[in-house]
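So you can see what is in the structure, the chains are spelled out below.
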Amino acid sequence: MFRTTLGAFALIGGLLATSPARAAGEAIAIPNHPFSFDGVFGTYDRASAQRGFQVYKEVCANCHAMRLLSYRNLRELGLTDQQVAAIASQVQVQDGPNDEGQMFERPGRPSDRFRSPFPNQQAARAANNGAYPVDLSVIAKARNGGADYLYALLTGYADPPPGVTMGEGMNYNRYFPGHQIAMGNPLNPDQVEFADGTPGTVENMARDVATFLQWAAEPELEQRRAMGVKIIIFLTILGGLAYAVKRKVWADVH
Amino acid sequence: MAIGLHDSDFKNPVIRWVDQRMPIFTMMQKEYGTFPTPRNFNYFWNFGALAMVNLMIMIATGIFLAMHYTPHTSYAFDSVERIMRDVNFGWLIRYVHMNGASMFFIVVFIHIWRGMYYGSYKAPRELLWMLGVVIFLLMMATAFMGYVLPWGQMSFWGATVITNLFSAFPFVGDWIVTLLWGGFSVDNPTLNRFFSLHYLLPFVIVGVVFLHVVALHITGSNNPLGVEPKGPQDTLPFHPYYTAKDSFGLVIYFIVFAGFVFFAPNFLGHPDNYIPADPLVTPAHIVPEWYFLPFYAILRAVPDKLGGVLLMFGSILVLFVLPWLDGSPVRSMRFRPVARIAFLLWTVCFFVLMYCGGMPAEEPYVTVSRIATAYYFGYFLVILPLLARLEKPLPLPESIARAVLGGGGPMPAGAAAKPMDKA
Amino acid sequence: MAEGAGASASDGTPRRDFLTLVTTAFVGVGVGAIAWPFIASMQPARDVLALSSTDVDIAPVAEGMAVTVMWRGKPVFVRNRTPAEVQEARTVPLSQLPDPATDQSRVQKDQWLIVVGICTHLGCVPLGQKPTDPRGEYGGWFCPCHGSHYDTSGRIRKGPAPRNLDVPQYAFTSDTKIKIG
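Student: What's the story with the interface of chain A and chain C in this structure? I'm lost.
Tutor: Interface size is commonly expressed as the accessible area that is lost once the parts come together. Opposite the 12 residues of chain A that make contact, chain C presents 14 residues. Buried surface at the junction of chain A and chain C, summed over both partners, amounts to about 1100 Å²; 73% is from carbon and sulfur atoms. When the buried surface of chain A facing chain C is broken down by residue, Arg72(A), Phe234(A) and Leu241(A) rank first, second and third, together holding 38% of it. Linking chain A with chain C are 1 salt bridge.

Quick look at the structure:
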């Protein structure tokens, strides 16, 4: 009796546990896009993530900050120390106060955070018709659907269907909740020229930047999964041993 | 009792020296070694031990997280992400703590369910049961305040909604809410005191767990038959029989736990909590963590503010008087054919409420919540008291040993002596 | 409690058989492995390690003057020594030093002495950076906590401190700039 009940518990509990996630937003089905990090054993495609950083730097970073990331983090994407230092030194960051009490600008170092395009949220709103370009540091964790949603959003711009009246300065997007998004279509064909010869299609750019943003949100993903596999194997063996010990101890009772 | 050294049975000179002066080894031997435990536990009896281990995991990971966390509205969100990114194994410790809360509630829900199914709350275990309800309430308070600490959107708005519940009370409501906030909205003072209390309450839980175990070791454990052990043939020493069985259950629990932590760490969470708290923008749908959903559904099922709050608190407080609502002398539902069905239906209602709590407050969920809420309370307040008078229970086995070893029927005298033969 | 409980008290004590030993060993390994992430989490985090170098502009430091800069949360003394001070540091016979080290081994450029400003006794910050400070009997630094005297090379000369002031890792990135760490 208790076995079936336990099974039923697990089943019902598992089904119901998804309810909080399902509760948010009107249901717009997000198509599943195949990514290198899908599944239990997926890892980040480094080349794709590096291209994604290029897309972020040349396109997204004009409005969107990623204040939780530092340039040194890019080493995890396979960039060398020299490349990271070169990327960091291209930006001017504010430092100080110096001995005279003045703030001053200096070239960035690998230990600096990604420079934000606007000094604060109010300035960001003012420059974008009142819409706040969200910080992208953990955006892949902060949206239902994660990277799939980001890919769908970036490739989901279209003309509004007949009968839909768009608000002032709004754009139609098939996957944005409510379909009206303040951000204009950010990606156009060949907007970014990739050094490795990957064609600059919207789909390629969207996939690469989604990969980059997923990495930015969960840099620990590969280490986490690798450790998880080892621990579950260990626990499975230990479980077998513990069961054998239990059987042995109880052998003279049953 | 004479004053002087304790008469210790231990041979090791160091252990003996300590034990004579402070008999903790004798106590451990008595309470966890030879402690006579009913021989017929099923795996539902693992969950008390699992809850104890879970509590220790939460305290250990929490202490290490607190070394890196900053309880300030400007830094809380970033300090949590710093734990995830820069602190060595910070992601592991945080995900264990975060999913550990969910595991704790899974374990404790099953533990409570087991107590209700097998009638563990009945005399003489009423106080044991009530201490358990106190632990459950403390857990909910701790979990609620812990969820506020990352200072994401759900943290902030969850805190706003839940603290506002208290404003439903007439006359003193607003005063209480201001007191909880330390200001005029959920803000830095609120975050600071929640952090302080979130650190304190687990140790209060440890204290009540100790009392829970003390009470347990006076009355002894209930068992799946609900029949008290009548003699040594009905019991086994806790060690090695139940230490071995609990160890196996513990490993299975760790496998489930690890599955969440390493492969679906955010499955039970909400994406909105990775958006930093913004007092100007409320998320489209505020939902509490999954373990609060049944109670949240009861709150929303009532169209009246105060009524909803009272019913929500009442849904847990009713557990305190459960031992007196259920007057049937038969403990285990195995021998209560009608109550068994009524209780399983109550279980279904609990899950239905959990589902509705996660859905938007619109039809059909509101009506379904109301029906389920009515049954939730009806079970406690009407069905159980009535069944105590009307239900005709099945015949109880004479003893545990007879039911376990004799297959229920009459058995030869030799069978009862079987464990002694083995000894 | 009679037979039932007695059953294990007599022979039911854990049997040291192979199976139990292997299981116990597994549990031991598991518990040890669990302890490691907790200990490691207390080590400096990655952002702390990334900030472990500091750039200092030494152009404004005139001869005979000194500046104190923060590096890894500690003060670092950068002193532009006069020729007389250098001379003094280099003429002392090593046999007179509690912790023998040549001045040449402690500097990269003769006039610039760069040392961690933490007394090697119990961690106070010695005096001697400002012209008005007492500099001790040997013209370097004087620790007011327990009276340790350091010379113009930052070497311990008198008092309870066991070692010379530590020289941090640093490099001249240009004639007027150094990078500590």
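Student: Can you help me understand the domain arrangement of chain A in this one?
Tutor: Residue and element names in this part refer to chain A. Entries for chain A in the domain assignment read domain 1 (2–69 + 113–219) and domain 2 (222–254). On the side of domain 2, 4 residues touch domain 1, which itself brings 10 residues to the contact. Together domain 1 and domain 2 conceal approximately 510 Å² of surface at their shared face, both sides included; 36% is due to carbon and sulfur atoms. Looking only at domain 1, the three residues that lose the most surface to domain 2 are Val40, Phe41 and Glu218, adding up to 42% of its buried area. Put simply, domain 1 and domain 2 have 2 salt bridges between them. Two residues, Glu222 and Arg46, come together in a salt bridge whose shortest N-O distance is 2.9 Å. Viewed at the interface, domain 2 and domain 1 are joined by 6 residue pairs in polar contact (both at pLDDT 80 or more). A per-class count over the side of domain 1 that touches domain 2 returns 4 nonpolar, 3 polar and 3 charged.

Student: Even after reading the chapter, I still don't get the pairing of strand β5 (residues 139–143) of chain C, so can you show me in this structure?
Tutor: Regular strands place their side chains on alternate faces of the sheet. Two strands pair when backbone bridges link them, and β5(C) and strand β6 (residues 148–151) of chain C are joined in this way by 4 bridges, in the antiparallel orientation. Paired with Phe142(C) across the two strands is His149(C), which belongs to β6(C).

Student: Mind showing me how you'd approach the sheet that holds β6(C) here?
Tutor: The strands making up a sheet associate through hydrogen bonds between their backbones, and the pairing can be parallel or antiparallel. Residue and element names in this part refer to chain C. Sheet architecture is open: 3 strands sit in the order β5-β6-β7, paired in antiparallel fashion. This sheet does not close on itself; its edge strands, each paired only once, are β5 and β7 (156–158). Within the sheet, the average angular offset between the axes of one strand and its neighbour, ignoring direction, is 35°.

Student: Sorry if this is basic, but what is going on with the packing of helix α6 (residues 146–154) of chain A against helix α7 (residues 202–217) of chain A here?
Tutor: In a packed pair of helices, the relevant descriptors are the angle between the two axes and the axis-to-axis distance. Residue and element names in this part refer to chain A. Between α6 and α7, the shortest axis-to-axis distance is 9 Å and the interhelical angle comes to 150°. Considered as vectors, α6 and α7 are oriented roughly antiparallel to each other. Seen from above, α6 lies across α7 with right-handed handedness. Touching Ala147, Leu150, Tyr151 and Leu154 of α6 are Val202, Glu203, Ala206, Arg207, Val209, Ala210, Leu213 and Gln214, all from α7. Across the contact of α6 with α7, the residue classes break down as 9 nonpolar, 1 polar and 2 charged.

Student: Teacher, can you tell me more about the side chain of Arg79(C) here?
Tutor: All names here are of chain C. Topologically, Arg79 is positioned in strand β3 (residues 74–80). In this structure the side chain of Arg79 is engaged in a polar contact, spanning 3.2 Å, whose partner is the backbone oxygen of Gly140. Residues within four places of Arg79 in sequence aside, it is in contact with Met65, Ala66, Glu85, Gln111, Trp112, Leu113, Gly128, Arg135, Gly139, Gly140, Trp141 and Thr152.

Student: Where do I start with the interface of chain B and chain A in this structure?
Tutor: Taken together, the contact pairs 58 residues of chain B with 52 residues of chain A. Summing both partners gives a buried area of about 5000 Å² for chain B against chain A, and 72% of it is carried by carbon and sulfur. Linking chain B with chain A are 3 salt bridges. Residues Arg67(A) and Asp78(B) are paired through a salt bridge, measuring 2.7 Å at the closest nitrogen-oxygen approach. Across the chain B-chain A interface, the total number found is 8 residue pairs in polar contact (both at pLDDT 80 or more). When residues of the side of chain B that touches chain A are traced back to their parent elements, those giving at least two are α4 (76–85), α5 (90–117), α10 (238–263) and α14 (337–357) of chain B. Residues belonging to the side of chain B that touches chain A are distributed by class as follows: 41 nonpolar, 7 polar and 10 charged.

Student: So what exactly am I meant to see when it comes to the sheet that holds strand β9 (residues 177–180) of chain C here?
Tutor: All names here are of chain C. In spatial order, the strands read β1-β9-β8; together these 3 strands make up an open sheet with antiparallel pairing. Of all strands in the sheet, those bounded by a partner on one side alone are β1 (54–57) and β8 (170–174). Taking each pair of neighbouring strands and ignoring which way they run, the sheet shows an average axis angle of 25°.

Student: Can you walk me through the packing of helix α3 (residues 47–66) of chain B against α5(B) in this structure?
Tutor: Residues and elements named next belong to chain B. One can describe the packing of α3 onto α5 by two numbers: an axis separation of 9 Å at closest approach and a directional angle of 155°. In terms of orientation, α3 lies roughly antiparallel with respect to α5. The crossing of α3 and α5 is left-handed. Between α3 and α5, the contacting residues are Phe47, Gly48, Leu50, Ala51, Asn54, Leu55, Ile57, Met58, Thr61, Gly62, Phe64 and Leu65 on the first element and Ile93, Arg94, Val96, His97, Gly100, Ala101, Met103, Phe104, Val107, Val108, Ile110 and His111 on the second. Looking at side-chain class alone, the contact of α3 with α5 contains 16 nonpolar, 7 polar and 1 charged residues.

Student: Help me understand the state of the cysteines in this model?
Tutor: Covalent bonding between the sulfur atoms of two cysteines defines a disulfide. As enumerated under the stated definition, the model contains 1 disulfide over all chains in all. Between Cys124(C) and Cys145(C) runs a disulfide, and the two sulfur atoms are separated by 2.1 Å. Torsion about the S-S bond of the Cys124(C) and Cys145(C) cystine: about -100°, corresponding to left-handed handedness. Taken together, the residues span a long stretch of sequence, with Cys124(C) in the loop between β4 (112–116) and β5 and Cys145(C) in the loop between β5 and β6 at a distance of 21 residues. Between Cys60(A), a free cysteine, and Cys63(A), which holds the nearest cysteine sulfur, the sulfur-to-sulfur gap is 9.2 Å. Here Cys349(B) is not cross-linked by a disulfide; its sulfur's nearest cysteine counterpart is in Cys356(B), at 9.8 Å.

Student: Could you clarify how one ought to interpret helix α2 (residues 18–41) of chain C in this entry?
Tutor: Since one α-helical turn is 3.6 residues long, residues separated by three or four positions face the same way. Between its terminal C-alpha atoms α2(C) stretches 36 Å, which fits the 34 Å expected from 24 residues at 1.5 Å a residue. When we look at burial in α2(C), the residues that qualify are Thr20(C), Thr23(C), Gly30(C), Pro37(C), Phe38(C), Ala40(C) and Ser41(C). Residues of α2(C) that are buried sit in contact with α8 (221–250) of chain A together with α3 and α5 of chain B. At the N-terminal end of α2(C), a side-chain oxygen is found 3.1 Å from the backbone nitrogen of Leu19(C), two or three residues along, and the residue is Asp17(C).

Basis of the calculations
- Residues numbered from 1 in each chain as written.
- Chains lettered and ligands numbered in written order.
- Predicted model: local features only at pLDDT ≥ 70, side-chain atom pairs only at ≥ 80, totals over all residues.
- Heavy atoms only, no water.
- Contact = heavy atoms within 4.5 Å.
- Buried area = accessible area lost by both parts, 1.4 Å probe.
- Salt bridge = Lys/Arg side-chain N within 4 Å of Asp/Glu carboxyl O.
- Domains from an automatic or database assignment.
- Polar contact = N/O pair within 3.5 Å; in protein donor to acceptor, adjacent residues only side chain to side chain.
- Nonpolar A, V, L, I, M, F, W, Y, C, P; charged D, E, K, R; others polar.
- Pairing = 2+ DSSP bridges.
- Helix = DSSP H or I, 4+ residues; strand = E, 2+ residues; numbered from the N terminus.
- Axes fitted to C-alpha atoms, helices over the stretch in contact; angles between N-to-C directions.
- Parallel < 35°, antiparallel > 145°, perpendicular 65-115°, else oblique.
- Left-handed = near helix turned anticlockwise from the far one by under 90°.
- Disulfide = S-S within 2.5 Å.
- Expected span 1.5 Å × (residues − 1).
- Buried < 20%, exposed > 50% of the residue type's maximum accessible area, 1.4 Å probe, protein only.

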